[in-house]
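Here are the chains, one letter per residue:
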Amino acid sequence: MAPSTPVSMAAKLSLLLILVAVLVIGSEAISKGRKLKETKMVFYMHDYETGTNISAIPVAGNPLKKWYILEFGTIIAIDDAATVAIERNSTQIARLQGMYVNSAKDGTDLHWLVSIVFTNKAYNGSTLEIQGANREFQKYREVSVVSGTGLFRFARGYATLETVLLDLDNLNAIVRWNLTVLHY
C-alpha cells in the first residue's frame, strides 16, 4: 500500500475557492431566469481549392510531399461561404473561417478548428466555434460546437455534416451542415 500524502491547508482552501467560483457562475445564469434556447439550422458550406473564388488554401505540410487535403500533415486555411441552398449564389448566411489539418496517416481524417461567423440579419456578428474530427469519407460525420459569441454566448452542441458534392480532381466540395446548438 502506498503511503498517503497529507493535503496542505492551502490546497484545500484553493479547491474550496474554485468550487465556490463555479457555483457562483452557474447560479448567476439561473438567478437571472435565463433558460437555454435550442437553435437548429441547415446550411451549405462551399469549400473550393481551385477555380474562381478559391476559399481553401494549403498553407503548410510535409516538405517532401504535395500539400493538399488528402495528404497527412497538410494544414489548410479556409474562408468558406455558408449558404441557405446548395447553389453557390444562393443567400449567404455566414463564413466558415479557420483551418483544418489532415491528422490521419491514411489521409481520411481532418481535424477542424473553425469559426462560423454569421453575416445574415438574424445572427449578424454572432459566432460559433467548431472543433473536432471530420472523417471526410463517412457519409455522415459529427463535429462539436464548443463555444460561441453574441446571440450564441456559452453555446454548445453539434453539427452533422454530409458531403453533397465532392470533386476530388479539382479538390472542391459542398458540405451540408445540420446544426443543433444550445445557448442562452
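Residues numbered from 1 in each chain as written. Predicted model: local features only at pLDDT ≥ 70, side-chain atom pairs only at ≥ 80, totals over all residues. Heavy atoms only, no water.

Going by the annotation in an unreviewed UniProt entry, the name recorded for the protein chain is Dirigent protein, with Tetracentron sinense given as the source organism. UniProt's Subunit (unreviewed entry) comment on the protein chain is quoted here verbatim: "Homodimer." (UniProt positions renumbered as here; feature names shortened; annotations may be inferred.)

1. Brief notes about the pairing of strand β1 (residues 37–48)
Note that β1 and strand β9 (residues 172–183) share 12 bridges and pair antiparallel. What sits directly across from Met41, in β9, is Leu179. Pairing of β1 with strand β3 (residues 75–83) involves 3 bridges; the strand directions are antiparallel. Paired with Met45 across the strands is Ala82, a residue of β3. (Pairing = 2+ DSSP bridges. Helix = DSSP H or I, 4+ residues; strand = E, 2+ residues; numbered from the N terminus.)

2. Focus: the packing of aromatic side chains
One pass over the full model with this rule turns up 7 aromatic pairs. Taking 5.4 Å as the distance between ring centres and 40° as the angle between the ring planes, the aromatic pair formed by Phe118 and Phe152 counts as tilted. Of this pair, Phe118 sits in strand β5 (residues 109–118) while Phe152 sits in the loop between β7 (140–149) and β8 (156–167), placing them 34 residues apart in sequence. Taken together, a centroid distance of 5.0 Å and an interplanar angle of 40° make the contact between Tyr123 and Phe152 tilted. Of this pair, Tyr123 sits in the loop between β5 and β6 (127–135) while Phe152 sits in the loop between β7 and β8, and the two are 29 residues apart along the sequence. What makes Tyr123 partly exposed here is its relative accessible area of 22%. You can call Phe152 buried: its relative accessible area is 0%. One aromatic cluster is present, built from ring pairs that chain together Phe43, Tyr100, Trp112 and Trp177. Its end group placed over the ring of Tyr48, Arg88 keeps NZ or CZ at 3.6 Å from the ring centre. (Phe/Tyr/Trp six-rings, centres within 6.5 Å; stacked < 30°, edge-to-face > 60°. Buried < 20%, exposed > 50% of the residue type's maximum accessible area, 1.4 Å probe, protein only. Lys NZ or Arg CZ within 6 Å of the ring centre and 35° of its normal.)

3. As for the side chain of Thr39
When you line up the elements, Thr39 lands in strand β1. Owing to a relative accessible area of 11%, Thr39 belongs among the buried residues under this scheme. Here His183 takes part through its side chain, which lies 2.6 Å from a polar atom of the side chain of Thr39. (Polar contact = N/O pair within 3.5 Å; in protein donor to acceptor, adjacent residues only side chain to side chain.)

4. A closer look at a nonpolar patch on the surface
A cluster of nonpolar side chains, namely Ile54, Ile57 and Val59, defines an oily patch on the protein surface of about 260 Å² accessible area. By the element assignment, Ile54 lies in the loop between β1 and β2 (56–60). (Patch = residues over 30% accessible without salt bridge, like charges linked within 9 Å, V, L, I, M, F, W, Y side chains within 5 Å. Areas by Shrake-Rupley, 256 points an atom, 1.4 Å probe, with all protein chains shown as cover. Salt bridge = Lys/Arg side-chain N within 4 Å of Asp/Glu carboxyl O.)

5. Brief notes about the environment of Ser90
The topology assignment puts Ser90 in the loop between β3 and β4 (92–102). Residue Ser90 is classed as buried on the basis of its relative accessible area, which comes to 17%. With residues near it in sequence (within four places) discarded, Ser90 still touches Thr83, Val84 and Ala85. From its side chain, Ser90 meets the backbone oxygen of Ala85 in a polar contact 3.1 Å long. (Contact = heavy atoms within 4.5 Å.)

6. So, unusual backbone geometry
With a phi close to 60°, Asn53 is a non-glycine residue in the positive phi region. Mapped onto the elements, Asn53 comes out in the loop between β1 and β2. In this structure, Phe154 is a non-glycine residue whose phi angle is positive, near 65°. Within the fold, Phe154 resides in the loop between β7 and β8. The exposure class of Phe154 is exposed, given its relative accessible area of 53%.

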